[in-house]
Amino acid sequence: MAFQRFKAAYRSLFFPEPVKPPYLHICQIGDPVLRAPAQPVPPDLIHSPEIKQILLQMRQVMKKYDSVGLAAPQIGIPLRILLLEFSLKRKKQFGEEVYAAREMSLLPLMTVINPEMKVDDYKKLEFPESCESVRGYSAVVPRYRAVTLTGLNEEGESLKLQSTGWTARIIQHEMEHLDGKLFIDSMISKTFQNDAWHRINVHQGRVQIQFYVK
Ligand SMILES: [Zn+2]
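Report follows, based on the coordinates. All residue numbers here refer to positions counted from 1 along the written sequence of the relevant chain. Side-chain atom pairs in this predicted model are given and counted only at pLDDT of 80 or more, local residue features only at pLDDT of at least 70, and totals for whole chains, interfaces and linings cover all residues. Computation of side-chain values: all heavy atoms of the structure, hydrogens and water removed.

Structural notes on the coordination of the zinc ion
Coordination sphere of the zinc ion, protein contribution only: Cys131 (SG), His173 (NE2) and His177 (NE2), at 2.1 to 2.2 Å. Between consecutive donors of the zinc ion, the numbers of intervening residues give the motif C-x41-H-x3-H. Of this pair, His173 and His177 both sit in helix 4 (residues 165-178), 4 residues apart, which is roughly one turn of that helix. Per residue, the accessibility class of His173 equals that of His177, and both read buried. Coordinating donors are taken to be N, O and S atoms lying within 2.8 Å of the metal, or within 3.2 Å when the metal is Na, K or Ca; because water is excluded from the atom set, some sites may appear incomplete. The helix and strand labels rest on DSSP assignments: H or I over at least four residues marks a helix, E over at least two residues marks a strand, and numbering proceeds from the N terminus. For each residue, the accessible area found with a 1.4 Å probe, counting protein chains only, is set against the maximum for its type, and the residue is called buried under 20%, exposed over 50%, and partly exposed in between.

Below, the structure is given as structure tokens:
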């Protein structure tokens, strides 16, 4: 028995057990959880400790990765929950010109459970987009100009958000995550790029994609 225990301990050094979801990291393309349709949250479970823990971890991951949106499947949870945020800090990162051209607007952190989306303006806008689950890459993705999002907040109350431009884009991106889709399924494929391509030339290939953010 002692030997068995030793063997197990020795093995765990080299083959650690995978951590279970909800994760504090973001799953990457190839993970089946990103390709499966997510299930609705039963409304009577919204106040359960399990859902509260998922919401808490989604907020932590969103903050850690400094994202504008996060869908529960991205932390390994196949449920229809998403977070949205467009902060003042983000606005400054883009600068006034891009902010105006891409019709961006500020959006306080918002949790949406069991979201539904309605298209209000079928005109499509084409701008570059990326995803924390396809880390290191981006592409131009055509998105509807205006959508309305409805769903429940973390208290289980109904909410409604009418959006245009960039906010509408973030919503469409996150809604696709809940249906097992990624932006690469909607992109103009010739625009798909590694965002470090120039740095790779400058540093003779010695550039890494980071999958962990402190
Ligand atoms: Zn994404």
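Now that the structure has been shown, we can carry on.
Brief notes about the environment of Glu97
Assignment of secondary structure puts Glu97 in helix 3 (residues 88-101). Along the sequence, Glu97 and Ser67 sit 30 residues apart, while their C-alpha atoms lie 21 Å from each other.

Overview of the packing of aromatic side chains
Each Phe, Tyr or Trp ring (for Trp, its six-membered ring) is paired with any other whose centre lies within 6.5 Å, and the angle between the two planes then decides the class: stacked below 30 degrees, edge-to-face above 60, tilted in between. The full count for this structure, using the stated rule, is 6 aromatic pairs. Between Tyr137 and Phe192, the ring centres sit 5.2 Å apart and the planes meet at 10°, which makes this aromatic pair stacked. Of the two residues, Tyr137 is situated in strand 4 (residues 137-152) and Phe192 in the loop between helix 4 and strand 6 (193-194); the sequence distance between them amounts to 55 residues. Taken together, the aromatic side chains of Phe86, Phe94, Tyr99, Phe127 and Trp166 make up a single cluster linked through ring pairs. Think of it as a cone above the ring: NZ of Lys or CZ of Arg counts as a charge over the ring if it is within 6 Å of the ring centre and within 35 degrees of the ring normal. Across the ring face of Tyr99, the terminal group of Lys91 is positioned such that the distance to the ring centre comes to 4.6 Å.

Let's talk about a nonpolar patch on the surface
Each patch is built from salt-bridge-free residues with over 30% relative accessible area, joining like charges within 9 Å and nonpolar side chains (Val, Leu, Ile, Met, Phe, Trp, Tyr) within 5 Å. For the area figures, the Shrake-Rupley method with a 1.4 Å probe applies, and any residue is considered shielded solely by the protein chains shown. Take a side-chain nitrogen of Lys or Arg and a carboxyl oxygen of Asp or Glu: if they are within 4 Å of each other, that pair is a salt bridge. Nonpolar side chains collect at one region of the surface, where Phe3, Phe6, Tyr10, Leu13, Phe14 and Phe15 lie side by side and expose about 770 Å² of accessible area between them. Inspection of the secondary structure assignment puts Phe3 in helix 1 (residues 2-14). For Phe3, a relative accessible area of 54% puts it in the exposed group.

Quick notes on the nonpolar core
Take the buried residues of types Ala, Val, Leu, Ile, Met, Phe, Trp, Tyr and Cys, join any two whose side-chain atoms come within 4.5 Å, and each joined set is a nonpolar core. Judged by nonpolar contacts, the single largest core of 24 residues is most densely connected at Met58 and Ile81. Looking at this core, the elements with two or more residues in it are helix 2 (49-65) and strand 2 (81-86).

Here we look at helix 2
Here the expected span of a helix is defined as 1.5 Å times the quantity of residues minus one. The end-to-end C-alpha separation of helix 2 is 24 Å, in line with the 24 Å expected for 17 residues at 1.5 Å each. Each element contacted by the buried residues of helix 2 is listed here: strand 1 (69-71), strand 2 and strand 3 (107-130). Here, residues are in contact when the closest pair of their heavy atoms is within 4.5 Å.

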